[in-house]
Amino acid sequence: MIQYIAIILFVFGLYGLLTNRNVIKMIISLNIMEIGLFIFIISVGFVYDGIAPIISSTADLGLLYVDPLPQALVLTAIVIGVGTTALALAFAKSIHNKYNTFNLDEVEEKL
Amino acid sequence: MSAILLVAVPLLAAFLSILGKKLAPYLLLVVGLFNIIILFFVPEGIVIIGGFEQPIGISLLLDTYSRLALLLINGLIVLISFMNLGKYKKYAGILLLAMAGLNGMLLTNDLFNLFVFLEISGIAAYLISSSNKRPVKTFHYLVLGVVGSSLFLFGVVILYSMYGTLNMVDMIQKINLVGNYSELILPFTLMFIGLGVEAKLLPFNSWVKGVLGESNTLSGPMIGGVYAGAFGFVLGRYITNLFMFEGNLLLVVTVLLSLGILVGEAMAYSSSKAREILLFSSVAQASIVALLFVNGVILWAVYYIMAAAISKTILFFVINKATKEVGSDEIDQLQGLFVNNKVVGVAYTLITLSVMGLPLLVGFTIKINFLTQLAAGDQIWLIIVILLATLVEGIYFVRMLIKLWYKGNNEINVSYCNPLKIIFVIIALAFLTFGVYQTPLNNLDNSIDTVMEVVDNG
Amino acid sequence: MFDIISIVIGVIILVLAFLALNSKSLIKAVLFLSGISMLAVVLFVIMRAPDVAITEAVIGSGLVTALFVFTLLSVKKEEVK
Amino acid sequence: MKNLLGLLISVALGILIVLALDVSESFPDFGSVEVSERVAEEYFDEDNVNEVGSGNIVTAVVVGYRGFDTLGEVTVLFISALGVALIIGSSKNQKRLDLKFKPNFMLKTGSRIVFGIILITSLYIITHGHLTPGGGFPGGAMIASGMLLLYLADDEFRSNIKGFKILEGLAGSLFVVIGLLGLLLATYFLQNFLPTGAVGDLLSAGIVPIIYILIGLKVGSEISGVIDNFLTEEESA
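Small disclaimer: the values here were computed from a predicted structure and weren't measured.

Enquirer: For this particular structure, what's the right way to read the overall build of chain B?
Expert: Assigned secondary structure in chain B consists of 19 helices and two strands. In terms of C-alpha radius of gyration, chain B reaches 21 Å, essentially the compact-globule figure of 23 Å for 458 residues. If one aligns the C-alpha atoms of chain B with their principal axes, the spans along those axes are about 70 × 55 × 45 Å. Across the 458 residues of chain B, 68% fall into the buried class. Within chain B, contacts between residues separated by at least 24 positions form 81% of all contacts whose residues are at least 6 apart in sequence.

In structure tokens, the structure reads:
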């Protein structure tokens, strides 16, 4: 069930990206797309009644665990998402300094 | 002396360059030369990282294919940083990171690791293109790049959920084992789109006109030459080893790519700006490269990428330098550019003729060989498309050359310093010698092989 | 039990995403975005991923929202000038 | 018109993905994943766990087995911090953005106390990365949100940017140096050359906690640098 929600969220972000002309709205839909992708990645590794992959001693290695690899991938991807969002916002700020608007249609008129 | 130094040393230099801003440009040159020298001594095969066997940990793969790619990329980055020695000091740290990202992308044997290096070199490319002072166009490039790498990550995760591994060699073995081709269409399409955005393939290259159209002597050669070459190699490695295009998917991809060639050539033909002609011809070249790899032509596609990357770097540099001093890149304004700098003009003409594929130049031998290989695979339609593209290419390049050589109304005095002239002449002569003397190109034929052969005998 | 929670949270996330995309004012859109990432944290906790939940909580709803608000603040200041 | 086209493309892509995933039989449906068939099964193997020595398997994967990803990821954060500084321009004479609100004395001192508490929790999370959930990334981000609190609560506050840049550069190069040490002492890059001790106690897991502390400091200083860039503007004097 969560995978359907993740894919719908991913598609929502893509739709927002294709239709919006406001720079900040495009960055927001980029983030929505990434959050949807991260939920999908974690849902790929989920096991019903598995427990979190953290052990206190090697004795309890035999229990049923969730797959730790997707969690490692999402940890890296979240911080990459922050990097690109910070950069996109910096570009948004420099666009606003130059054209005094966030709307790309108005920017085209000024060009 | 393992291949990991090609990524670790530029990273270390980049982290240290933030402490001493002034020494960064020289650090860039030193590290670039260090990489080139290392490349001749690094042994081939799988390099394991972190001490864990293949499928558990991450591993790098060095074979003749990636060694040629690394030589091209590091050589061109050193050349470009040498050409822009005085200017763009602020971008030295970013160029170091771009070098680390591209080296990592060409070496890595792990799918998620490729996504991480895709992001690093992508962000380095956005920052290099921000030197054109066009925030809106760089923003479009950033959005398209991030969407592309998110789709690539989506494809990688689907492959992981199906086959349980992230290592490319392990993945190939598992796919051949299961052999159920129909369910692989979705992940391969997503990954092909992800790589296609940066590799300038047709439906996703709307950013190219904006970024390269107003490029300068740093971002033009870097994104037009180096990045195009690097992503050509990565796309080639994944098309030949991982993606299996068959049936109607192959048809769709072939039609899309040939459309990319024709649209690229048509746009170049119709444009009157020097930089736009160059960028549309490099879009067409990127689609030709992808088409060759899809049809199994590996060796001559590799030479085609190398020739295209080197020539585009030089052409973009010459045009951007002239545009900066003249003020506009309309061909009519640049008329008579080579009248008073003959040496640069001769080198520029030789390289353009080689891009067109005129006999006696390396472009011709490459084109003839991959056309014969395509003919062997009886791809008649592709040959017609490529020949048509060559014809259109010939027309607009000759038209540009004529304008650049004959004196127009206003006097243009663009100055290129002497060391640059020497570089241009050396490269033009190299294009000439390899055009005539082909044996070194042929004897490399058997050693360029797919990943699996490296693993079996590696 | 697990499915009920995930469906409820999923529907709320989709509603927030719809609102974020179609809201007129940018500040509201940013707040909806941080609401989405907070609910994503809850989903991660349900799916037994505590590491990712902490990271998404601190980075996703904390810093990303802060960066958005700062960009909008610096813009609003110029309009006033 | 454009909205309709965008809607069509994204809905079509969504349906295509959902159908393709439902049809394919080797794509496990939600929750019934056989972890033993996947590479992840090796991470629960007895001697592998002892070799890396980290209690938190996800940390073992992030820093131990796939440490090269984390190095790449730290570079991504490094280059975006560099890029933000380049674009927004972090010239020397930056002054704080005057946001037309004057925090009173209570808020300033109160925020300093709370900052101490945030710092302690984030250091706890970083140092216990290999035992409890969390680690370098959330810990570093917590340091940055502590700095954020100080920025918000006090409009003259300017963190020591020079110090953060040096900390950032040092932590990054130390991470690569540890990797190279692994190459020289042990045979592979980023290989663990310290004793890993027993799983579960603080001084275990060889280089994993050291790398995670470096990552925490690096992420913390980078994001604080980015926050400073966003909250300052050119000296209009």
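The rest of the description comes next.
Enquirer: What am I meant to see in the environment of Val147(B) here?
Expert: With respect to the helices and strands, Val147(B) occurs in helix H6 (residues 135-163). Counting along the chain gives 47 residues from Val147(B) to Gly194(B), while the straight-line C-alpha distance between them is 7.7 Å. The contact partners of Val147(B), leaving out residues within four places of it in the chain, are Leu14(A), Leu17(A), Leu30(A) and Met33(A).

Enquirer: I'm lost on the pairing of strand E2 (residues 58-62) of chain B in this one. Help?
Expert: Along any regular strand the residues' side chains alternate between the sheet's two faces. Residue and element names in this part refer to chain B. With respect to burial, E2 is a largely interior element, five of its five residues being buried. Residue alternation in E2 divides its side chains into two sets, Ile58, Leu60 and Leu62 and Ser59 and Leu61, and both sets are buried. As judged from the five bridges shared by strand E1 (residues 45-49) and E2, these two strands associate in the antiparallel manner. For Gly45, the partnering residue across the bridge sits in E2 and is Leu62.

Enquirer: Sorry if this is basic, but what is going on with the pattern of salt bridges here?
Expert: A side chain with one charge may pair with a side chain of the opposite charge, provided their charged atoms come close. Residue and element names in this part refer to chain A. Applying the stated criterion across every chain, the model contains 14 salt bridges over all chains. Between Glu108 and Arg21 there is a salt bridge; the shortest N-O distance is 3.2 Å. You can see Glu108 sitting in helix H4 (residues 104-110) and its partner Arg21 sitting in the loop between helix H1 (2-19) and helix H2 (23-44), a full 87 residues away along the chain. On the basis of relative accessible area, Glu108 is assigned to the partly exposed category, the value being 41%. What you see here is one network of salt bridges that share partners, running through Arg21, Asp105 and Glu108.

Enquirer: Would you mind showing me how to read the packing of helix H5 (residues 111-129) of chain B against helix H5 (residues 67-88) of chain D here?
Expert: To characterise two packed helices, one gives the angle between the axes of the helices and the distance between these axes. Where H5(B) contacts H5(D), the axes come no closer than 9 Å and their chain directions differ by 15 degrees. When the axis of H5(B) is compared with that of H5(D), the two are roughly parallel. Between H5(B) and H5(D) lies a crossing of left-handed hand. Between H5(B), through Phe112(B), Asn113(B), Val116(B), Phe117(B), Glu119(B), Ile120(B), Ile123(B), Ala124(B) and Leu127(B), and H5(D), the contact on the second element is made entirely by Phe68(D), Asp69(D), Gly72(D), Glu73(D), Thr75(D), Val76(D), Ile79(D), Gly83(D) and Ile87(D). Here the contact of H5(B) with H5(D) is built from residues that sort into 11 nonpolar, four polar and three charged.

The rules behind these values
- Residues numbered from 1 in each chain as written.
- Chains lettered and ligands numbered in written order.
- Predicted model: local features only at pLDDT ≥ 70, side-chain atom pairs only at ≥ 80, totals over all residues.
- Heavy atoms only, no water.
- Helix = DSSP H or I, 4+ residues; strand = E, 2+ residues; numbered from the N terminus.
- Rg over C-alpha atoms; globule rule 2.2 N^0.38 Å.
- Buried < 20%, exposed > 50% of the residue type's maximum accessible area, 1.4 Å probe, protein only.
- Contact = heavy atoms within 4.5 Å.
- Pairing = 2+ DSSP bridges.
- Salt bridge = Lys/Arg side-chain N within 4 Å of Asp/Glu carboxyl O.
- Axes fitted to C-alpha atoms, helices over the stretch in contact; angles between N-to-C directions.
- Parallel < 35°, antiparallel > 145°, perpendicular 65-115°, else oblique.
- Left-handed = near helix turned anticlockwise from the far one by under 90°.
- Nonpolar A, V, L, I, M, F, W, Y, C, P; charged D, E, K, R; others polar.

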